[in-house]
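# Observations on chain architecture
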Amino acid sequence: AAGLEEGILKGNETYYCDGFQKVGPHTIHCSHRSGHGNITLSQTISLSCNDALMQIAEKEGKDIFASYQRDFNFGKLTGIDLPGEAKTSALLHDADDMTEADLATSSFGQSFNCSMIQMASAFSSLINGGNYYKPHVVKQLRNDKGEVVRTVDATLVKQTVSKGTSDKIKSYMKETVESGTGTKAQLDDYTVGGKTGTAQKIPRSAGTYIVSFCGFAPVEKPQVVVYVVIDEIQKSSQTNTGLAVEMAQKVLKESLKELKVPKSSKK
């Protein structure tokens, strides 16, 4: 999103993934160890290619990368109406203390931390045209007679990206569900977009991971975002994002039904 917004990326870029990147003294691997070969910018997202993401982050540079992390409100309180919200700012690098390796690994979701509400709020702005809203727990309060006694209005906090960038990212995440790493999120009656995540935990030697999926529907006018995180999955592989995708798909399906969201006109 930062690359597109700053004009560093145009949308027609291609990358070569050989399965790893050499960053200083480090060899940092792609999730696809044998490499993805030549891929497009959209496939960088849909196939979850660490190699290409590292190349993109290097082109952006640490100043732009760190700036957009802050723009998306990572390391800051969202202001959600719940007590005890954590900022996790101590686990977010600033440009002046971000090494080349930090930039490389941060490009695909490692070397920093955030809360789920931070991620869901940032993600929502990315798919709704670039509008970052203050998150709330409830939309309305009603009395015992069913009468509305208070309505919690939407509070726009900032613009994170332009609508053009938002539309491109949505199309990349639709591709993720149609033919990439999130195919298990597909629904018969709605278009779905999303992004899988696999983050290795410290110590690396333990071989433990956090897997996740952030999905939304319908793509043309998103009404529901579902974010599923599994810490140290205990079913099959530690890197099995498929289970997180399946869980999100079930919640999306029932939520869209409950909210009576009109079905997508086409796939």
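Sequence order as written defines residue numbering, which begins from 1 separately in each chain. Whole-chain, interface and lining totals are the exception, using all residues; otherwise, since this is a predicted model, local features are given only for residues with pLDDT of at least 70 and side-chain atom pairs are given and counted only at 80 or more. Hydrogens and water are ignored here; the side-chain numbers use all heavy atoms of the structure.

Another point: the packing of aromatic side chains. Two rings from Phe, Tyr or Trp (for Trp, the six-membered ring) form a pair when their centres are within 6.5 Å of each other. A pair whose planes differ by under 30 degrees is stacked, one over 60 is edge-to-face, and the rest are tilted. On inspection of all chains with the given rule, the structure shows 2 aromatic pairs. Ring geometry for F74 against F112: centres 6.2 Å apart, planes inclined by 55°, an arrangement best described as tilted. Here F74 is found in the loop between helix 4 (62-71) and helix 5 (100-106), whereas its partner F112 is found in the loop between helix 5 and helix 6 (116-127), with 38 residues between them in sequence. A residue is classified by how much of its surface remains accessible, and F74, at 9% relative accessible area, is buried. In this text, helices come from DSSP runs of H or I with a minimum length of four residues, and strands from runs of E with a minimum of two, each type numbered from the N-terminal end. For the exposure calls, accessible area comes from a 1.4 Å probe over protein chains only, and a residue counts as buried if that area is under 20% of its type's maximum, exposed if over 50%, partly exposed in between.

In this section: the nonpolar core. Here the nonpolar core consists of buried residues drawn from Ala, Val, Leu, Ile, Met, Phe, Trp, Tyr and Cys, with membership extended through side-chain atoms lying within 4.5 Å. One finds Y15, L41, F72 and M173 to be the most contacted residues of the largest nonpolar core, which totals 35 residues. In this view, L41 contacts L4, L9, G11, E13, Y15, I56 and Y172; residues no more than four positions away in its chain are not counted. Formed by 20 residues, the second largest nonpolar core is a distinct cluster that contains L187, I233, A244 and A248. For this analysis, residues touch if any pair of their heavy atoms sits within 4.5 Å.

Across the junction of I202 and P203, the peptide omega takes the value 5°, indicating a cis bond. When you line up the elements, P203 lands in the loop between strand 9 (193-200) and strand 10 (209-217). At the junction of A217 and P218, the peptide bond is cis and its omega measures out at -20° in the coordinates. Following the sequence through the fold, P218 ends up in the loop between strand 10 and strand 11 (224-231).

Put simply, the grid is 1 Å and covers the protein atoms alone, a cavity is a trapped set of points that fit a 1.4 Å probe, a pocket is an open set with protein on both sides within 12 Å along at least five of seven lines, and lining residues have an atom within 4 Å of a point. Grid points are joined across faces, edges and corners, and a volume is the space filled by probe spheres set on the points. Size it by volume and the second largest pocket reaches roughly 1000 Å³. Along its surface, the second largest pocket is lined by 26 residues, and S124, P135, H136, Q223 and V225 are the ones closest to its centre. If one sorts the elements of the lining of the second largest pocket by residue count, helix 6 sits on top with 5 residues. Nonpolar residues are Ala, Val, Leu, Ile, Met, Phe, Trp, Tyr, Cys and Pro. Charged residues are Asp, Glu, Lys and Arg, and all others, Gly as well, are polar. Here the lining of the second largest pocket is built from residues that sort into 16 nonpolar, 7 polar and 3 charged.

Turning our eyes to something else, we now look at the side chain of T44. Position of T44 among the secondary structure elements: in helix 2 (residues 41-46). If we ignore the near neighbours within four places in the chain, the residues touching T44 are Y15, I39, C49, A52, L53 and I56.

Another point: a nonpolar patch on the surface. Residues enter a patch when their relative accessible area is above 30% and they make no salt bridge; the linking distance is 9 Å between like charges and 5 Å between nonpolar side chains (Val, Leu, Ile, Met, Phe, Trp, Tyr). Per-residue and other accessible areas were derived by the Shrake-Rupley procedure at a 1.4 Å probe size, with only the shown protein chains allowed to occlude residues. Any carboxyl oxygen of Asp or Glu that lies within 4 Å of a side-chain nitrogen of Lys or Arg is treated as forming a salt bridge with it. A contiguous nonpolar surface patch, about 420 Å² in accessible area, is contributed by L82, V137, V138, L141 and V149. Overall, the relative accessible area of 37% leaves L141 in the partly exposed class.

Turning next to helix 8 (residues 242-258). Each turn of an α-helix holds 3.6 residues, which means side chains three or four residues apart point in the same direction. With 17 residues, helix 8 extends 24 Å between its outermost C-alpha atoms, agreeing within 8% with the 24 Å of an ideal straight helix rising 1.5 Å per residue. Listed in full, the buried residues belonging to helix 8 are G242, L243, A244, V245, A248, Q249, L252 and L256. K260, located one to two residues past helix 8, shows a positive phi value of around 55°. The span expected for a helix works out to 1.5 Å for each residue beyond the first.

A strand pair is defined by DSSP finding two or more bridges across the two strands. Pairing within the open sheet is antiparallel, and its 3 strands lie in the order 9-10-11. The open sheet has two free edges, formed respectively by strand 9 and strand 11, since each of these has just one partner strand. Each strand axis lies, on average, 10° off the axis of its neighbour in the sheet, ignoring direction. Strand direction decides the pairing type here: strand 9 and strand 10, joined by 8 bridges, are antiparallel. Considered in strand 10, the bridge of Q200 is made with Y209. To obtain each axis, a line is fitted to C-alpha atoms, and for helices this fit is confined to the stretch in contact; angles are then taken between N-to-C directions over 0 to 180 degrees.

Burial analysis of helix 3 (residues 50-60) places 8 of its 11 residues in the buried class, the great majority of the element. All of the buried residues in helix 3 are N50, D51, A52, L53, M54, I56, A57 and E60. Once helix 3 ends, the next one or two residues include G61, with phi positive near 90°.

On to the environment of V225. As for its position among the elements, V225 is in strand 11. Linking V225 and S255, residues 30 residues apart in sequence, is a C-alpha distance of 9.7 Å. The residues contacting V225, other than those within four sequence positions of it, are F123, S124, I127, C214, G215 and F216.

We now examine the pattern of salt bridges. Side-chain pairs of opposite charge can arise whenever the charged atoms involved come near each other. Throughout the structure, instances matching the rule amount to 7 salt bridges. Taking the shortest distance from any N to any O, the salt bridge between D94 and R70 comes out at 2.7 Å. In this pair, D94 is assigned in the loop between helix 4 and helix 5 and R70 in helix 4, connecting sequence segments 24 residues apart. Between D189 and K263 there is a salt bridge whose closest N-O contact spans 3.7 Å. A residue pair is termed long-range when its members are at least 10 positions apart, and D189 in the loop between helix 7 (163-179) and strand 9 and K263 in the segment after helix 8 qualify at 74 residues. Among the charged side chains, a salt-bridge network with shared partners connects K201, D231 and E232.

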